[in-house]
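Structural features, examined
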Amino acid sequence: MTQTPTIEDLRAEVDLINRELLTLISRRAEVVEKIGRAKTAEGRPQHYDPAREERQLRELEQLNPGPFPAATIKAIFKEIFRASLALEESNDKKALLVSRQVKAEDTVLDIDGVRIGGQERPVVIAGPCSIESPEQMEQTAAFLSARGVRILRGGAYKPRTSPYGFQGMGVDGLILGQRVARDHGMLFVTEVMDTRDVDVVAEHADILQIGARNMHNFALLREVGRARRPVLLKRGFAATVEEWLYAAEYVLSEGNDEVILCERGIRTFEKWTRNTLDLSAVALAKQMTHLPVIVDVTHAAGRRDLLVPLAKAALAVGADGIHVEVHPSPATALSDNEQQLDFAGYDAFLAGVGAALNVPAGG
Ligand code: PEP
Ligand code: MN
């Protein structure tokens with residue numbers, strides 16, 4: 001005569017089944033990971049396959065021996081599918097070209113002897129918001145190069161809120177920026193806003209800037225990824241860190257691994273600054289990626305009186321450089337005249353930030 005099993009016996013059986021289930025779902029996960037890797041290797045980044053999922057659920061529903069109702073079986077397997085998909089996607093993320101999983105050591109850019117990233121001294125990128133005239137560029141380059149700044153900025157194509165605002169000097173501005181930078185032994189960085197302009201901007205600039213408003217312009221990101229020039233990639237003002245890194249991934253995926261990330265403040269509810277400088281994003285980007293990360297204090301703050309503490313804070317969290325706008329006469333600048341520093345202001349800024357940015361003249 002067989003004895004009725006006790007609750008303890010039954011619980012022991014359930015424990016055993018739990019272990020078997022665990023072994024099975026873990027084995028299933030390993031197979032799923034293999035599928036995920038195969039898809040990625042085939043260049044099929046889309047892991048979710050709703051038609052296949054539908055077929056699996058239908059088959060399980062038909063095979064269901066009970067006592068669980070079909071809806072319960074579906075819900076349980078749907079959860080397993082969800083977890084599997086998350087696993088495939090997180091494996092993909094680990095394998096991003098921008099990530100430290102793929103490249104552990106810091107990327108150090110060497111652009112004509114100017115080194116950015118790693119343990120190098122932080123760089124300064126400075127210059128006017130817009131390129132406006134030969135005199136303005138000449139004076140600014142002479143002033144900044146005498147203070148050891150090696151990278152001159154200036155916009156020739158300006159992303160203006162109003163279509164009636166000054167839109168930049170275009171090709172004439174590119175020619176001017178390049179000439180003045182050369183004359184003073186500096187590199188020239190300028191924004192490119194349109195895929196149609198990438199070639200001409202790359203012809204004149206040493207570094208191509210992607211502005212905050214274009215961080216999500218994937219066609220443009222791909223195009224600068226194909227250009228053989230380093231890229232300064234600003235973070236969009238409403239972009240998550242993940243979106244920012246994926247934007248960089250677009251550039252790297254086209255074969256261009258010379259990307260400098262630039263945090264320039266994000267939009268929050270705060271009104272007393274133009275944007276909110278997100279220092280956690282800088283620390284996070286440094287931790288997750290091997291790319292140099294710089295901080296644009298000018299556009300982050302939108303006011304001059306905060307530039308020193310923000311630059312100090314940026315360097316303290318590991319920024320590889322500071323981007324700041326400098327203009328001979330900010331009051332009459334054609335764009336961003338509230339926030340650009342004049343020459344005395346730049347000297348005060350440099351003195352305020354201290355040793356970290358005190359690059360010796362010419363070096
Ligand atoms: C700029 O650097 O000139 C500029 C427009 O900055 P952002 O794209 O960060 O607004
Ligand atoms: Mn500006």
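These figures come from a predicted structure and were not determined experimentally. (Residues numbered from 1 in each chain as written. Chains lettered and ligands numbered in written order. Predicted model: local features only at pLDDT ≥ 70, side-chain atom pairs only at ≥ 80, totals over all residues.)

1. Regarding the overall build of the protein chain
Per the secondary structure count, the protein chain includes 12 helices and 10 strands. Computed over C-alpha atoms, the radius of gyration of the protein chain comes to 27 Å, more than 25% over the 21 Å expected from 2.2 N^0.38 for 363 residues, which places it beyond the range of a compact globule. The principal-axis extents of the C-alpha atoms in the protein chain amount to approximately 105 × 40 × 40 Å. Residues classed as buried in the protein chain amount to 38% of the 363 residues present. For the protein chain, restricting intrachain contacts to residue pairs at least 6 apart in sequence, the fraction spanning at least 24 positions comes to 66%. (Helix = DSSP H or I, 4+ residues; strand = E, 2+ residues; numbered from the N terminus. Rg over C-alpha atoms; globule rule 2.2 N^0.38 Å. Buried ≥ 20, exposed ≤ 12 C-beta atoms within 10 Å, placed from the backbone. Contact = placed C-beta atoms within 7 Å.)

2. Structural notes on the sheet that holds strand E7 (residues 231–234)
Working definition: the strands of a sheet are paired by backbone hydrogen bonds and lie parallel or antiparallel to each other. The strand order around the closed barrel formed by eight strands is E3-E4-E5-E6-E7-E8-E9-E10, and the pairing between neighbours is parallel. Strand-to-strand, the axes of this sheet are offset by a mean angle of 25°, without reference to chain direction. Pairing between strand E5 (residues 187–191) and strand E6 (residues 207–210): three bridges, direction parallel. Each residue of the ladder has a partner; that of Glu191, found in E6, is Gln209. The strands touched by helix H9 (residues 279–288) are strand E8 (259–263) and strand E9 (293–296); relative to E9, the strand with the most contacts, the crossing angle is about 165°. (Pairing = 2+ DSSP bridges. Axes fitted to C-alpha atoms, helices over the stretch in contact; angles between N-to-C directions.)

3. Things to note about the domain arrangement of the protein chain
Here the protein chain is described as being made up of domain 1 (7–92) and domain 2 (109–357). Relative placement of domain 1 and domain 2: their C-alpha centres are 47 Å apart. (Domains from an automatic or database assignment.)

4. Thoughts on the packing of helix H11 (residues 307–316) against helix H12 (residues 343–353)
One can describe the packing of H11 onto H12 by two numbers: an axis separation of 9 Å at closest approach and a directional angle of 45°. Comparing the axis directions of H11 and H12 gives the class oblique. Crossing handedness for the pair H11 and H12: right-handed. Only Phe349, Gly352 and Val353 of H12 make contact with H11, whose side of the interface consists of Leu307, Val308, Ala311 and Lys312. Tallied by class, the residues present in the contact of H11 with H12 amount to five nonpolar, one polar and one charged. (Parallel < 35°, antiparallel > 145°, perpendicular 65-115°, else oblique. Left-handed = near helix turned anticlockwise from the far one by under 90°. Nonpolar A, V, L, I, M, F, W, Y, C, P; charged D, E, K, R; others polar.)

5. What to know about the site of ligand 1
Lining the immediate environment of ligand 1, one finds Cys129, Gly155, Pro159, Glu191, Gly211, Ala212, Arg213, Lys234, Arg264, Asp296 and His299. Class assignment for the residues of the shell around ligand 1 results in three nonpolar, three polar and five charged. (Near = placed C-beta within 6 Å.)

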